[in-house]
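Observations on chain architecture
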Amino acid sequence: MVRLFVALDLPFEVRERLRLLTGAKLPGARWVPPENMHLTLRFVGEVDHGRADDIDAALGTIAARGFSLTLEGVGTFQSGRRVHALWAGVERNPALEHLRAKVESALVRAGCEPERRKFTPHVTLARLDQPDPAKLGDWLHGNALFRLGPVPVEHFTLFSSRLGREGPHYTAEAAYALR
Ligand code: 2AM
């Protein structure tokens, strides 16, 4: 079995700029290291190797144009009253939505269950465990005007993920060009 997701990897300079948002003294935050930063198009989860091959083949048939995107703003994900992640957002982008829709139909063709959750494009910057509300508020306020772009998108990537004691380790299994 292998744990997969489809994502945009981010250019080195973009991850370095995002790194400047991380590392603040925010008790309860586990900051994502720059090498792990990405924009998820679709989480797949655990599949067997046969299904992984089908996914790779289906993603390989996608024809879509390259585009650019702009990262914009910061925010949090919450479940109930628990704030569990900090992210950088993405300016509205029809080309990104179009690519996401193509990835979704390719995965369904490859036998994956349809994704029912709404797509909220973001780059996760930290996972949170009971963060200090005042410090979290300061961080959100201090980075509210964050904006970075244009970021060129010339391919998308199928990643595998291994969960280790030090956090997840992502490996690019295949990249698919956009032209
Ligand atoms: P996140 O950035 O919001 O945490 C690899 O785990 C990627 O898949 C992460 O970027 C993660 O999004 C995303 N993902 C989406 N749904 C997930 C799930 N149920 N479990 C783990 N990761 C998920």
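Since this is a predicted model, take the numbers as computed values, not measurements.

Focus on the sheet that holds strand β1 (residues 2–9)
- What the four strands build is an open sheet, ordered β3-β1-β8-β9; its pairing is antiparallel. A strand with exactly one partner marks an edge of an open sheet, and here the two such strands are β3 (38–47) and β9 (167–177). Mean inter-strand twist for the sheet, computed between neighbouring axes without regard to direction, equals 25 degrees.
- In this sheet, β9 lies alongside strand β8 (residues 155–164) in antiparallel orientation, the contact comprising ten bridges. Each residue of the ladder has a partner; that of Ser-161, found in β9, is Tyr-170.
- Helix α3 (residues 94–109) rests against β1, β3 and β8 of the sheet, and its axis sits at about 10 degrees to β3.

Things to note about the UniProt feature "domain: Phosphoesterase HXTX" (unreviewed entry) in the protein chain
- The sites that UniProt annotates as "domain: Phosphoesterase HXTX" (unreviewed entry) are residues 23–87 and 94–170.
- Between the end C-alpha atoms of residues 23–87 there is a gap of 13 Å, over a span that is 18% helix and 49% strand.

Examining the packing of aromatic side chains
- A full pass over the atoms with the stated rule returns five aromatic pairs.
- The interplanar angle of 15 degrees and the centroid separation of 5.3 Å between the aromatic rings of Phe-5 and Phe-159 together place this pair among those described as stacked. Note that Phe-5 is positioned in strand β1 and Phe-159 in strand β8, a separation of 154 residues in sequence. For the residue pair Phe-5 and Phe-159, the accessibility class agrees, reading buried in each case.
- Between Phe-5 and Tyr-170, the ring centres sit 5.1 Å apart and the planes meet at 75 degrees, which makes this aromatic pair edge-to-face. In this pair, Phe-5 is assigned in strand β1 and Tyr-170 in strand β9, connecting sequence segments 165 residues apart.

Quick look at the site of the ligand
- Residues in close proximity to the ligand include Arg-3, Phe-5, His-38, Thr-40, Phe-43, Arg-117, His-122, Thr-124 and Arg-127, which together make up its full environment.
- For the ligand, an oxygen atom lies 2.6 Å from a polar atom in the side chain of His-122.
- Between the ligand and Arg-127 there is a distance of 2.7 Å, counted from an oxygen atom to a side-chain nitrogen or oxygen.
- A total of 470 Å² of accessible area belongs to the ligand in isolation, and the protein chains cover 72% of it.
- Listed by contribution, the elements that provide at least two residues to the shell around the ligand are β1, β3 and β6 (122–128).
- Residues belonging to the shell around the ligand are distributed by class as follows: two nonpolar, four polar and three charged.

Reading the values: the criteria
- Per chain, the residues get numbers from 1 upward, laid out in the order the sequence is written.
- Whole-chain, interface and lining totals are the exception, using all residues; otherwise, since this is a predicted model, local features are given only for residues with pLDDT of at least 70 and side-chain atom pairs are given and counted only at 80 or more.
- Only hydrogens and water are removed before side-chain values are computed, so all heavy atoms of the structure are retained for them.
- Pairing between strands is defined by DSSP: at least two bridges between the two strands are required.
- Helix and strand definitions follow DSSP, with helices as H or I runs of at least four residues and strands as E runs of at least two, each counted in order from the N terminus.
- Think of each axis as a best-fit line through the C-alpha atoms, taken over the contacting stretch in the case of a helix, with angles from 0 to 180 degrees between the N-to-C directions.
- Throughout, a contact is declared for two residues whenever any of their heavy atoms are within 4.5 Å.
- UniProt positions are given in the numbering used here, feature names are shortened, and annotations may be inferred rather than shown by experiment.
- The criterion for an aromatic pair is that two Phe, Tyr or Trp rings (for Trp, the six-membered ring) have centres within 6.5 Å, with stacked assigned to planes under 30 degrees apart, edge-to-face to planes over 60 apart and tilted to the rest.
- Burial classification: accessible surface area is computed with a 1.4 Å probe over protein chains only, and a residue below 20% of its type maximum counts as buried, one above 50% as exposed, and the rest as partly exposed.
- Proximity criterion: a residue is near a molecule or strand once any of its heavy atoms comes within 4 Å of it.
- Pairing of N or O atoms within 3.5 Å defines a polar contact, subject to two protein rules: one partner must be a possible hydrogen donor and the other a possible acceptor, and residues neighboring in sequence count only if both atoms are side-chain atoms.
- Every accessible area reported is derived by Shrake-Rupley at a probe size of 1.4 Å, with residue values counting cover from the shown protein chains alone.
- Under the scheme applied here, ten amino acids are nonpolar (Ala, Val, Leu, Ile, Met, Phe, Trp, Tyr, Cys and Pro), four are charged (Asp, Glu, Lys and Arg), and all others, including Gly, are polar.

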